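As a plain string of letters, each chain reads:
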Amino acid sequence: MEQKINCAQTCINGCILGDGCPNIEFRQATSQFIAETSLDQMLAMAEERLRKKMTEPPKWILPEDI
């Protein structure tokens, strides 16, 4: 039987399911990205995303839309 957990809350200090993790494919992709990407590249990507975010128009959330 597959366990249903909220990984964002439960696995803060590391995955508790090990090889039974439903997100194992993402963990492998993340490890590969970290191994193949330099820190300078990661910082440049983050800076570019922040620049895009700062130039986006504000998104208003009205109470009646919730």
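In what follows, the structure referred to is the one given above.
Described in the following lines is the structure provided in the data block. (Residues numbered from 1 in each chain as written. Predicted model: local features only at pLDDT ≥ 70, side-chain atom pairs only at ≥ 80, totals over all residues. Heavy atoms only, no water.)

Attention now moves to the overall build of the chain. The secondary structure content of the chain amounts to three helices and zero strands. Since a compact globule built from 66 residues should have a radius of gyration of about 11 Å, the 18 Å found for the chain marks it as more spread out than a globular shape. Referenced to the eigenvectors of the C-alpha coordinate spread, the extents of the chain come out at roughly 45 × 40 × 20 Å. Scored against the burial criterion, the 66 residues of the chain give a buried share of 5%. With the model as given, the accessible surface of the chain reaches about 6,400 Å², and the carbon-plus-sulfur share is 58%. Here the chain holds 7 positive side-chain charges and 10 negative ones, and the gap between their average locations is 3 Å. (Helix = DSSP H or I, 4+ residues; strand = E, 2+ residues; numbered from the N terminus. Rg over C-alpha atoms; globule rule 2.2 N^0.38 Å. Buried < 20%, exposed > 50% of the residue type's maximum accessible area, 1.4 Å probe, protein only. Areas by Shrake-Rupley, 256 points an atom, 1.4 Å probe, with all protein chains shown as cover. Lys, Arg positive; Asp, Glu negative; His and termini not counted. Charge placed at Lys NZ, Arg CZ, Asp CG, Glu CD.)

The next subject is the environment of Cys 11. Among the structural elements, Cys 11 can be located in the loop between α1 (7-10) and α2 (24-36). Judged by its relative accessible area of 15%, Cys 11 is buried. Each C-alpha atom, one on Cys 11 and one on Lys 59, is 31 Å from the other, the two residues being 48 residues apart in sequence. When sequence neighbours within four positions are dropped, the list of residues in contact with Cys 11 reads Ile 5, Asn 6 and Ile 16. (Contact = heavy atoms within 4.5 Å.)

This brings us to a nonpolar patch on the surface. Residues Phe 33, Ile 34 and Met 45 make up a contiguous nonpolar surface patch of about 290 Å² in total accessible area. Along the chain, the position of Ile 34 falls in helix α2. (Patch = residues over 30% accessible without salt bridge, like charges linked within 9 Å, V, L, I, M, F, W, Y side chains within 5 Å. Salt bridge = Lys/Arg side-chain N within 4 Å of Asp/Glu carboxyl O.)

On to the pattern of salt bridges, then. Pairs can form between side chains of opposite charge once their charged atoms are near each other. Tallied over the entire structure, the rule returns two salt bridges. Across the pair Glu 48 and Arg 51 runs a salt bridge whose closest N-O atoms are separated by 2.6 Å. Of this pair, Glu 48 and Arg 51 both sit in helix α3 (residues 39-55), separated by three residues, roughly a single helical turn. Of the residues examined, Arg 51 reaches a relative accessible area of 46% and is grouped as partly exposed. Note that Glu 56 and Arg 49 form a salt bridge whose closest N and O atoms lie 3.7 Å from each other.

So, about the state of the cysteines. Evaluated as defined, the whole model comprises zero disulfides. Considering cysteine sulfurs only, Cys 21 is the nearest to Cys 15, which forms no disulfide, with 3.8 Å between them. Overall, the relative accessible area of 33% leaves Cys 15 in the partly exposed class. (Disulfide = S-S within 2.5 Å.)

The values reported here are purely geometric and, on their own, carry no functional implication.
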